[in-house]
Amino acid sequence: MFKNYLKISFRNLWRAKGYSAINLAGLATGMACFILILLWVQDELSYDKFHENTNRLFRVVRLDRDDPSQGVCRTGAPWAPALHSDFPEVENFVRFRGHGRTLMSSGDKRFYESEGLYADSTIFEVFTFPLLKGNPKTALTRPNTMVINERMAEKYFGTEDPVGQSLVFNNQDEFEITGLMQNIPANSHIKFDYLIPFFMYQRWDTSEWGVNNFYTYLLLAEGTATQLEAKIPEFLERHAGERTAAASINKLQPITDIHLHSNLLRELEANGDIANVYIFSAIAIFILLIACINFMNLATARSANRAKEVGIRKVVGSQRLQLIKQFLGESIFLSILGILLAVGLVELLIPNFNELSGKQLSLDFGNNVFLLTGLLFMALIVGFISGAYPAFFLSSFKPIAAIKGDVGSGKSSSILRKGLVIFQFVISSILMIGTVVVYGQLDYVRSKNLGFEKEQVVVLPYSGKEQPLITALLQHPNVVNASVSQRVPVNARNRDRRSILPEGSQQPIQVESYIIDSRFLETYGIKLAKGRNFSRVTPTDAGAFLVNETAVQEFAWSTPEAAIGKSIDWGPGQKKGRVIGVVKDFYLASLHAKIAPLVLQMLPEESWWRTFISVRIHPQNISQTLAFLEKTWKNFTQEGAYEYFFIDESYKDLHRADVRFGQLFGYFATLAIFIACLGLFGLAAFTAEQR
């Protein structure tokens, strides 16, 4: 009978080529969307699960007491070794710190690298980052050594073995390569191209408990995280003092929660959002349901055309169960054809989908058993769901009535079809409304007043004496203004938080910290609410502060006027100064983060720190102005390759994930509506033909 069922299925498909094409097109499109979303969701849920000790890996984070959704994902450098020493639950630890943008050279190959980390030598014991060459226990135990990945090795050494060779940092220090590492998987929240020993970090005092500049990861004994977390307040009070212990809530964050459930200050990369996973999963199910509804509608609508077939089969002895099997088999057969077409569509669309989503997805059935199993399961489920009602409906016909042609399509089937069509377009309407809302949000992101003027501001990373360079830049008629600062607004990787004690407060408060010069406010168009700006001609301004309006509220200083003259204690061993001005609030990061309390300090005359030169330029002759900036920059530095970025582009980068989400949502919503309309077209065409 299987051979007979198969033959009949082919005949019915061929006899109604138009309706079969509509059914297959709807099913294939719906399944292709479902597969693409399934791959995206699977990738989002797979982050950091490739480590052997995934379930025992935790990151130490510090959350704000007033708002636990806010906080910083870094701690002081002494935390990790002290936790390891004090608690047997901590089996091992690793600390990270970004190495910063560095000019590297090997022979005539010179490139800026910004994806490097200082790391403890235990990194290869705690995390599963396999070394292809080199000893993982000793690779980072000597000064001026480094481990690089395959991508970086090919970039500098081609096919040569990099182990034993050297790279020169900033035309000064030579680092020996002691290990070659596999490229970091795309589904890791920790990404880097090279590592250097943590003990070589010298910028900040690594014995300071209150300097939250280091990422701390712990490898714990099984099931001990909750007990250890409860011991941290007492541990901090004992080692760091009551002020540091009281400054925040300290948590142990599972490494698998970081990508989808964490959006703290100074994340290693822009994380995802579990809400987006839920939204896209719902869209995938809706699209598949719409495709199934199309099949059911067309199958029940065409039931009258197969009534005589059912009658003859029953007359010659067919049982109802056999008919149900036949019609379900036809439905599953069509579903399998749809899956095959969908896989072909996915192969065609996946390069564009990857570009749109920023992923590296592929249909790798050999290494993705879940995907292959899921597709087979989907073929069966879709075939059964879409064919169940037609199968039971058609098999219920009475033989005599069926042969006479008295069955029609039935009032109940007509009501069902109308109900399913209404359901389809309710879903479509929801998706259309959602699309309008999402694009409204994107328009809000584009048009939001950030509290500063982001257009026509070029930022040049720079190390050296800044004032001579700024003086030279200001000579050009197209340069409106220029300033130097340690950080710039809406730049994801240049934010810093620290604990301070403002006048009148009993507890330390976490604030954003900016070090700027006297031209910063004017260059960015930031307005003063009260008081005055820094001035080079006023010596006392070296120990003064500016704060924003949010800081005035957080410090309970009532009004900007009341804030002038208030003191701020910058911490043990640090300066204590007074507030000379209050700036109007401006966004430091993306619009997802609320404006934080901000304290601004005066940059020393000659800082010699790693800084940013912000240059506001006229919109005319931009290419000529950029050429002048490059030439002038090169006259004042020997760093090598010249780089710059625009602040408005940096702002767009912060919201790139939002733009991607909006585009994906829009495309999938459009396809859902297209599939619904395709089914409606099939029903309309069939009704016209019947009449």
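Calculation rules
Residues numbered from 1 in each chain as written. Predicted model: local features only at pLDDT ≥ 70, side-chain atom pairs only at ≥ 80, totals over all residues. Heavy atoms only, no water. Phe/Tyr/Trp six-rings, centres within 6.5 Å; stacked < 30°, edge-to-face > 60°. Helix = DSSP H or I, 4+ residues; strand = E, 2+ residues; numbered from the N terminus. Buried < 20%, exposed > 50% of the residue type's maximum accessible area, 1.4 Å probe, protein only. Contact = heavy atoms within 4.5 Å. Patch = residues over 30% accessible without salt bridge, like charges linked within 9 Å, V, L, I, M, F, W, Y side chains within 5 Å. Areas by Shrake-Rupley, 256 points an atom, 1.4 Å probe, with all protein chains shown as cover. Salt bridge = Lys/Arg side-chain N within 4 Å of Asp/Glu carboxyl O. Expected span 1.5 Å × (residues − 1). Bend = angle between axes of the 7 residues up to and from the residue. Lys, Arg positive; Asp, Glu negative; His and termini not counted. Charge placed at Lys NZ, Arg CZ, Asp CG, Glu CD. Axes fitted to C-alpha atoms, helices over the stretch in contact; angles between N-to-C directions. Parallel < 35°, antiparallel > 145°, perpendicular 65-115°, else oblique. Left-handed = near helix turned anticlockwise from the far one by under 90°. Nonpolar A, V, L, I, M, F, W, Y, C, P; charged D, E, K, R; others polar. Core = buried A, V, L, I, M, F, W, Y, C linked by side-chain atoms within 4.5 Å.

A.B. asks: I would appreciate a short explanation of the packing of aromatic side chains in the present structure.
C.D. replies: Two aromatic rings are characterised by how far apart their centres lie and by the angle between their planes. The tally for this structure, following the rule as stated, stands at 27 aromatic pairs. For the ring pair Phe198 and Phe214, a centre distance of 5.6 Å and an interplane angle of 65 degrees mean the geometry is edge-to-face. With Phe198 in the loop between strand 11 (194-197) and strand 12 (215-220) and Phe214 in the loop between strand 11 and strand 12, the pair connects residues that are 16 residues apart, well separated along the chain. Just as Phe198 is buried, Phe214 falls in that class too. With a centroid separation of 6.2 Å and 85 degrees between ring planes, the pair formed by Phe452 and Phe586 is classed as edge-to-face. A residue pair is termed long-range when its members are at least 10 positions apart, and Phe452 in the loop between helix 14 (411-447) and strand 14 (457-463) and Phe586 in the loop between strand 21 (576-583) and strand 22 (598-602) qualify at 134 residues. On the basis of relative accessibility, which here comes to 6%, the residue Phe452 falls in the buried class. We classify Phe586 as buried; its relative accessible area is 0%. Among the aromatic side chains, those forming a connected cluster through ring pairs are Trp40, Phe280, Phe353, Phe661, Phe665 and Phe668.

A.B. asks: Honestly, the side chain of Asn92 in this entry has me stumped. Any pointers?
C.D. replies: Within the fold, Asn92 resides in strand 3 (residues 90-98). With residues up to four places along the chain from it excluded, the contact list for Asn92 reads His84, Thr122, Glu125, Val126, Tyr217, Leu218 and Leu219.

A.B. asks: Would you mind going over a nonpolar patch on the surface with me for this structure?
C.D. replies: A cluster of nonpolar residues, Ile312, Val315, Val316 and Ile403, forms a patch on the protein surface that exposes about 370 Å² of accessible area. By the secondary structure assignment, Val316 is in the loop between helix 10 (307-315) and helix 11 (320-357). Given a relative accessible area of 67%, Val316 falls into the exposed group.

A.B. asks: I tried to follow helix 6 (residues 225-240) on my own but got confused; where do I start?
C.D. replies: Within an α-helix, residues lying three or four positions from one another point in the same direction, as the helix has 3.6 residues per turn. The first and last C-alpha atoms of helix 6 sit 21 Å apart over 16 residues, in line with the 22 Å expected at 1.5 Å per residue. Along helix 6, the largest kink reaches about 35 degrees and is centred on Ile232; proline Pro233 follows within four residues of it. Of all the positions in helix 6, only Ala225, Leu228, Ile232, Phe235 and Leu236 are classed as buried. Tucked inside the fold, the buried residues of helix 6 contact strand 1 (57-63), helix 3 (79-86), strand 3, strand 12, helix 7 (242-246) and strand 13 (249-254). At the exit of helix 6 stands Gly241, carrying a positive phi of roughly 100 degrees.

A.B. asks: I'm lost on unusual backbone geometry in this one. Help?
C.D. replies: When glycine is set aside, most residues are seen to have a negative phi, and most peptide bonds are trans. The backbone of Asn171 shows a phi angle near 60 degrees, a positive value even though the residue is not glycine. For Asn171, the position within the fold is in the loop between strand 9 (166-169) and strand 10 (173-181).

A.B. asks: Explain a positive patch on the surface here, please?
C.D. replies: A cluster of basic residues, Lys3, Lys7, Arg11 and Arg15, forms a positive patch on the protein surface. As for its position among the elements, Lys3 is in helix 1 (residues 2-15).

A.B. asks: I'm lost on the pattern of salt bridges in this one. Help?
C.D. replies: Side-chain pairing between opposite charges can occur once the charged atoms of the two side chains come close. Within this structure, the stated rule accounts for 22 salt bridges. Here Lys155 and Glu113 are joined by a salt bridge, their closest N and O atoms 2.8 Å apart. Remark: Glu113 occurs in strand 5 (residues 109-113) and Lys155 occurs in helix 5 (residues 150-157); sequence separation between them is 42 residues. With a relative accessible area of 5%, Glu113 lands in the buried category. For Glu234, the salt bridge is made with Arg238, and the minimal N-O distance between the two is 2.6 Å. Residue Glu234 and its partner Arg238 are both found in helix 6; the two are separated by four residues, about one turn of the helix. A relative accessible area of 43% means that Arg238 is categorised as partly exposed. The network of salt bridges with shared partners includes Asp43, Glu44 and Lys359.

A.B. asks: When you look at the packing of helix 2 (residues 17-45) against helix 11 in this model, what are you seeing that I'm missing?
C.D. replies: Packed helix pairs are specified by the crossing angle of their axes together with the interaxial distance, meaning the distance between the axes. Running from amino to carboxyl end, helix 2 crosses helix 11 at an angle of 50 degrees, the nearest separation of the two axes being 7 Å. When the interaxial angle is binned, helix 2 and helix 11 end up oblique. In this structure, helix 2 meets helix 11 at a crossing whose hand is right-handed. Broken down by class, the residue content of the contact of helix 2 with helix 11 amounts to 19 nonpolar, five polar and no charged.

A.B. asks: Can you help me understand the environment of Ala529 in this one?
C.D. replies: By the secondary structure assignment, Ala529 is in strand 18 (residues 528-531). When the C-alpha atoms of Ala529 and Phe353 are compared, they prove to be 47 Å apart, with 176 residues separating the residues in sequence. Aside from chain neighbours lying at most four places away, what touches Ala529 is Glu549, Val582, Val583 and Lys584.

A.B. asks: Honestly, the nonpolar core in this entry has me stumped. Any pointers?
C.D. replies: Across soluble globular proteins, nonpolar side chains show a tendency to be buried alongside one another. Ranked by internal contacts, the top residues of the largest apolar core, which has 53 residues, are Met31, Ile35, Phe280, Ile283, Met378 and Phe668. Going through the elements one at a time, helix 2, helix 9 (274-301), helix 11, helix 12 (369-394), helix 14 and helix 21 (656-690) are the ones with two or more residues in this core. For this core, the leading source of residues is helix 2, giving 13 residues. Setting aside residues up to four positions removed in sequence, Met378 forms contacts with Met31, Phe34, Ile35, Leu288, Ser335, Ile339 and Gly383. Ranked by size, the runner-up nonpolar core spans 29 residues in total, among them Leu63, Val94, Leu131 and Ile255.

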